[in-house]
Amino acid sequence: MPASSIATPALLWDVFCRVIDNFGDIGVCWRLACNLAERGQRVRLWIDDTTALRWMAPDGHDGVEVAAWLAATSFPPPGDVVVEAFGCDPAPAFLAAMAAADRPPVWINLEYLSAEPYVERSHALASPQMSGPARGLAKWFFYPGFTAVTGGLLREPALSAEQAVFDRDAWLAAQGLGLRDGERLVSVFCYPGAPVDRLAASLAADGRPTLLATAPGAATGAVRAALATLGEPAALRQHPLPWLTQSGFDRLLWAADLNFVRGEDSWVRAQWAGRPFVWQAYPQDDGAHGPKIGAFLALSLATAAPDAAETIRDWTAAWNALDDPAAALPAWTPQALAATGAAARAWRDRLTGSADLVTRLLAFVREKR
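Residues numbered from 1 in each chain as written. Predicted model: local features only at pLDDT ≥ 70, side-chain atom pairs only at ≥ 80, totals over all residues. Heavy atoms only, no water.

A. Summary view of the overall build of the chain. Across its full length, the chain holds 14 helices and 12 strands. Projecting the C-alpha coordinates of the chain onto the three principal axes gives extents of approximately 70 × 40 × 40 Å. Restricting the contact set of the chain to residue pairs at least 6 apart, pairs at least 24 apart contribute 72%. Surface summary for the chain: the accessible area is close to 15900 Å², and the carbon and sulfur share equals 54%. Across the chain, the centroid of the 31 positively charged side chains sits 4 Å from that of the 39 negatively charged ones. (Helix = DSSP H or I, 4+ residues; strand = E, 2+ residues; numbered from the N terminus. Contact = heavy atoms within 4.5 Å. Areas by Shrake-Rupley, 256 points an atom, 1.4 Å probe, with all protein chains shown as cover. Lys, Arg positive; Asp, Glu negative; His and termini not counted. Charge placed at Lys NZ, Arg CZ, Asp CG, Glu CD.)

Right under this line is the structure:
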């Protein structure tokens, strides 16, 4: 019987999340918590900074209890499963309670997403705790990934159905993003340093009317500066966005003709959108993001048409400062958008054909319990 068809009892999950310097960690953890709750699980989300949830999920979720991690002076008994997101080190008192429990919880370290080969080698390995407050327990490494022998990707069961009934024009109008005749919509969410000036110059060069919908922060400021440098060409205009809810951001990606995304959470959501996208990996001083980008492109573009693969490779290299900044970049012509869109949809369909992360995680916990 497939793992996804086996009934899972309602368990209590403690999910620990530490917000570092962006919104990917809390974005992933909130989606995970809600996904678990929607499958009948009970979730306590322990987080050290709840600020982003005010706009990311202002209505909360009935099945998710949000708890202030750093403000806690004591902790309730651990649940049935403890998820430590991205090696965030739960409080020693909580680890000690886990070790002292009559039936210790299944302890999982949810890792960062990558297409690199080490993910398949490392997924589902145990790390026995030989010392410290959790001595005697095993921590299991759970790696999200793109293949059958990894942890999969976060995806809601109803995602495809919601996309099928999405009314693009109505949603855009509700956001004040009404498009003019023949205008393409480009969404931009980036880290500081992204070559937004090269993007603006490329879009201006072909003369097609373009609306640039920019996320707050680096993207909005960089696009504004780039358009000013170009003399605010008539073909380009900017719409600075407010911070969107997760649901709203997903729909922005569904609506756009081209998406520029960053980090992990928006990267995954761009893949589910099935629209042309360019990904900016989190830049690392040691250059480790370069091989990470290369591994993903090799996998996701393996069966793409050569013209689409070339466009995405060239733009990804530029967007991640991995190319010669003087190099010419492919234009985003209607033909280029059509080709890269076909490649994005084929990749999404391939991913949709495999079990999602929460389905695999529930099966993993059943096995370990």
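B. Layout of the side chain of K292. In this structure, K292 sits in helix α11 (residues 289–300). E264 provides the closest opposite charge to the buried, salt-bridge-free K292, at an N-O distance of 5.3 Å. A polar contact is formed between the side chain of K292 and the backbone oxygen of L113, at a distance of 3.1 Å. Ignoring any residue separated from it by four or fewer positions in sequence, one finds K292 in contact with L113, S114, E116, W267 and W279. (Buried < 20%, exposed > 50% of the residue type's maximum accessible area, 1.4 Å probe, protein only. Salt bridge = Lys/Arg side-chain N within 4 Å of Asp/Glu carboxyl O. Polar contact = N/O pair within 3.5 Å; in protein donor to acceptor, adjacent residues only side chain to side chain.)

C. Fine view of unusual backbone geometry. We note that A124 has phi near 70°; this positive angle belongs to a residue other than glycine. Turning to its location among the elements, A124 is positioned in the loop between α4 (118–122) and β6 (126–128). One non-glycine residue, A321, lies in the positive phi region at around 55°.

D. Here's a closer look at the sheet that holds strand β7 (residues 138–142). With respect to topology, 7 strands assemble into an open sheet ordered β3-β2-β1-β4-β5-β7-β6, the strand pairing being mixed. The sheet is open, and its two borders are formed by β3 (64–68) and β6, each paired with just one other strand. The average undirected angle you get between the axes of adjacent strands in this sheet is 25°. Here helix α1 (residues 24–37) sits on the sheet and contacts β1 (12–17), β2 (42–47), β3, β4 (81–85) and β5 (106–110); the angle it forms with β2, its principal contact strand, is near 165°. (Pairing = 2+ DSSP bridges. Axes fitted to C-alpha atoms, helices over the stretch in contact; angles between N-to-C directions.)

E. The arrangement of the packing of aromatic side chains in detail. In this structure the tally under the stated criterion is 28 aromatic pairs. Here the aromatic rings of Y118 and Y143 are separated by 6.0 Å at their centres, their planes lie at 80°, and the arrangement is edge-to-face. Taken together, the residues Y118 in helix α4 and Y143 in the loop between β7 and α5 (159–164) connect sequence positions 25 residues apart. According to the relative accessible area criterion, Y143 is buried, its value standing at 10%. Taking 5.8 Å as the distance between ring centres and 40° as the angle between the ring planes, the aromatic pair formed by F146 and W347 counts as tilted. Of this pair, F146 sits in the loop between β7 and α5 while W347 sits in helix α13 (residues 334–352), and the two are 201 residues apart along the sequence. Note on accessibility: F146 and W347 belong to one class, buried. (Phe/Tyr/Trp six-rings, centres within 6.5 Å; stacked < 30°, edge-to-face > 60°.)

F. Quick peek at the sheet that holds strand β9 (residues 210–214). What the 5 strands build is an open sheet, ordered β10-β9-β8-β11-β12; its pairing is parallel. Sheet topology places β10 (236–240) and β12 (277–280) at the edges, where each strand pairs with a single neighbour. Along the sheet, successive strands turn relative to each other by an average axial angle of 15°, direction set aside. Summarising the sheet, β9 and β10 pair through 5 bridges and their orientation is parallel. Each residue of the ladder has a partner; that of A213, found in β10, is H239. Against the sheet, helix α8 (residues 218–229) engages β8 (184–188), β9 and β10, with an angle of about 155° to β10.

G. Structural context of the pairing of β5. Burial of β5 is extensive: 5 of the 5 residues sit out of reach of the surface. Judged by which residues are buried, β5 turns out to be covered on both faces: V106, I108 and L110 on one side and W107 and N109 on the other are all buried. Each parallel crossover has a hand, and for β4 linked through helix α3 (residues 92–100) to β5 it is right-handed. (Right-handed = clockwise from strand over helix to strand, strands pointing away.)

H. Here's a closer look at α11. In this model α11 runs 16 Å from its N-terminal to its C-terminal C-alpha over 12 residues, within 8% of the 16 Å that 1.5 Å per residue would give. Along α11, the residues that are buried comprise H289, K292, I293, A295, F296, L297 and S300. Where α11 is buried, its residues meet α10 (265–273), β12, α12 (306–319) and α13. (Expected span 1.5 Å × (residues − 1).)

I. Layout of the packing of α12 against α13. Where α12 meets α13, the axes come as close as 8 Å, and the angle between the chain directions of the two elements is 95°. As far as their axial angle goes, α13 and α12 are roughly perpendicular. Contacts between α12 and α13 pair D307, A308, T311 and I312 from the former with A339, T340 and A343 from the latter. A breakdown of the residues in the contact of α12 with α13 according to their chemical character gives 4 nonpolar, 2 polar and 1 charged. (Parallel < 35°, antiparallel > 145°, perpendicular 65-115°, else oblique. Nonpolar A, V, L, I, M, F, W, Y, C, P; charged D, E, K, R; others polar.)

J. Main features of the state of the cysteines. By the definition in use, this model includes 0 disulfides. Free of any disulfide, C29 has its nearest neighbouring cysteine sulfur in C17, separated by 3.6 Å. C29 supplies the cysteine sulfur nearest to C34, a cysteine that is in no disulfide, at a spacing of 11 Å. The exposure class assigned to C34 is buried, which follows from its relative accessible area of 10%. (Disulfide = S-S within 2.5 Å.)

K. Inspection of the packing of helix α9 (residues 246–255) against α10 at higher detail. Remark: α9 packs on α10, axes separated minimally by 9 Å, with the N-to-C direction vectors making an angle of 50°. As judged from the angle between their axes, α9 and α10 are oblique. As for how α9 packs across α10, the hand of that crossing is right-handed. Contacts from Q246, F249, D250, L253 and W254 of α9 reach α10 at D265, S266, R269, A270 and A273. Each residue belonging to the contact of α9 with α10 can be placed in one class, and the counts come to 5 nonpolar, 2 polar and 3 charged. (Left-handed = near helix turned anticlockwise from the far one by under 90°.)

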